[in-house]
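If you want the building blocks of each chain, they are given just below.
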Amino acid sequence: MYQTLTFLHSTFRWLVLLSLLYSIFRAYKGYFSDRKFSKTDNSVRHWTATIAHVQLILGISLYSQSPIIKYFWNNFNEAKESFDLLFFGLIHIFLMFFSIILITVGSAISKRKPTDKEKFKTMLVWFTIALIIIFIAIPWPFSPFANRPYLR
C-alpha cells in the first residue's frame, strides 16, 4: 500500500501543479482583459480546489503509512537533527496543508465576490501564493531542502 500511495502522491502532484497554473493563467488573463467570469472559469476554480483536496487525502494517507514518518515520530529527538527527516516529518506536511487551506479559502472567497474582476483577482492572488508555497515544499530533485525523483 505504501508503494502505491507514494506513486499516486508523486504522480498526482503534476495534476495539482497543472491545474493551479491553468487557474492562475485564466485568472490573470481575465483580470487584465476585463473578461466576464464564465462558467468555465468557475469550473476551473472548483476543480483546482478539488484536485488539491484529493492530493491532500493522498498525502495524509501516505503520511500515516510512511516508515520515514514512523521513524521520525518514534525517534523525534534524534530524527529532528536530520533535515531530511525533519522536512518530511513536519515541514512538508505543514506547508502543504497550509497551501491547501489557501486554495480552499481563495476558492470560496472568489466564488462569493460580487464582480468578475474581484473574482479573478482573488483567484490570482490566493492561488499564486499557494503555488509558491507548494513549489517550495515539493521535494524536487534540485531542491536544497530534500530531494526525490520527479516520478516515483
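The rules we used
- For every chain, the first residue of its written sequence is number 1, and the numbers climb from 1 along that sequence.
- Given that this is a predicted model, residues contribute local features only at a pLDDT of at least 70 and side-chain atom pairs are listed and counted only at 80 or more, while totals for whole chains, interfaces and linings are drawn from all residues.
- Based on all heavy atoms of the structure, the side-chain values leave hydrogens and waters out of the count.
- A run of DSSP states H or I qualifies as a helix once it reaches four residues; a run of E qualifies as a strand once it reaches two. Both are numbered from the N-terminal end.
- Contacts between residues were defined by any pair of non-hydrogen atoms, one from each residue, lying within 4.5 Å.
- Residues scored as positive are Lys and Arg, those scored as negative are Asp and Glu, and His as well as the terminal groups of each chain are ignored.
- To locate a charge, the coordinates of NZ of Lys, CZ of Arg, CG of Asp or CD of Glu are taken.
- In this scheme, a residue with accessible area under 20% of its type's maximum is buried, one over 50% is exposed, and one in between is partly exposed, where area comes from a 1.4 Å probe on protein chains only.
- Whenever a helix is involved, its axis is fitted only over the stretch in contact; in every case the axis is a line through C-alpha atoms, and angles between N-to-C directions fall within 0 to 180 degrees.
- Each angle is binned into one of four classes, with values under 35 degrees roughly parallel, values over 145 roughly antiparallel, values of 65 to 115 roughly perpendicular, and all other values oblique.
- Asp, Glu, Lys and Arg are counted as charged, while Ala, Val, Leu, Ile, Met, Phe, Trp, Tyr, Cys and Pro are counted as nonpolar; the rest, among them Gly, fall into the polar class.
- Salt bridges are defined by distance alone: a side-chain nitrogen of Lys or Arg within 4 Å of a carboxyl oxygen of Asp or Glu.
- N or O atoms closer than or at 3.5 Å make up a polar contact, with two conditions inside protein: a donor-capable atom paired with an acceptor-capable one, and, for residues adjacent in sequence, both atoms drawn from side chains.

Peer 1: Sorry if this is basic, but what is going on with the overall build of the chain here?
Peer 2: Helix and strand counts for the chain come out as 6 helices and 0 strands. Along the chain direction, N to C, the helices and strands of the chain fall in the order α-α-α-α-α-α. Overall size of the chain, expressed as C-alpha extent along the three principal axes, is 55 × 25 × 25 Å. Taking as baseline every contact in the chain between residues at least 6 positions apart, the subset at least 24 positions apart corresponds to 69%. Separation of charge centres in the chain, based on 17 positive and 7 negative side chains, amounts to 9 Å.

Peer 1: Is there a simple way to think about unusual backbone geometry in this case?
Peer 2: Unusually for a residue other than glycine, Asp34 sits at a positive phi of about 50°. In this structure, Asp34 sits in the loop between helix 1 (2-32) and helix 2 (39-65). You can call Asp34 exposed: its relative accessible area is 58%.

Peer 1: How should I be thinking about the packing of helix 3 (residues 67-74) against helix 5 (residues 83-112) in this particular structure?
Peer 2: How two helices pack is summed up by the angle between their axes together with the distance between the axes. Helix 5 packs onto helix 3 with a crossing angle of 95° between their chain directions and a minimal axis gap of 9 Å. Overall, the two elements helix 3 and helix 5 adopt an arrangement that is roughly perpendicular. Residue-level inspection shows Ile68, Ile69, Tyr71, Phe72 and Trp73 of helix 3 in contact with helix 5, the latter providing Leu85, Leu86, Phe88, Gly89 and Leu90. Of the residues in the contact of helix 3 with helix 5, the class split is 9 nonpolar, 1 polar and no charged.

Peer 1: Is there a simple way to think about the pattern of salt bridges in this case?
Peer 2: A side chain of one charge can pair with a side chain of the opposite charge when the charged atoms of the two come close. Scanning the entire structure with this criterion turns up 3 salt bridges. Notably, a salt bridge pairs Arg26 with Asp41, separated by 2.6 Å at the nearest N-O pair. Taken as a pair, Arg26 in helix 1 and Asp41 in helix 2 lie far apart in primary sequence, 15 residues in all. The burial state of Arg26 is the same as that of Asp41; both residues are buried. Here Arg35 and Asp41 are joined by a salt bridge, their closest N and O atoms 3.2 Å apart.

Peer 1: When you look at the side chain of Ser19 in this model, what are you seeing that I'm missing?
Peer 2: Tracing the chain through its elements places Ser19 in helix 1. By relative accessible area, which is 11% here, Ser19 ends up buried. There is a polar contact of 3.0 Å between the side chain of Ser19 and the backbone oxygen of Val16.

The values reported here are purely geometric and, on their own, carry no functional implication.
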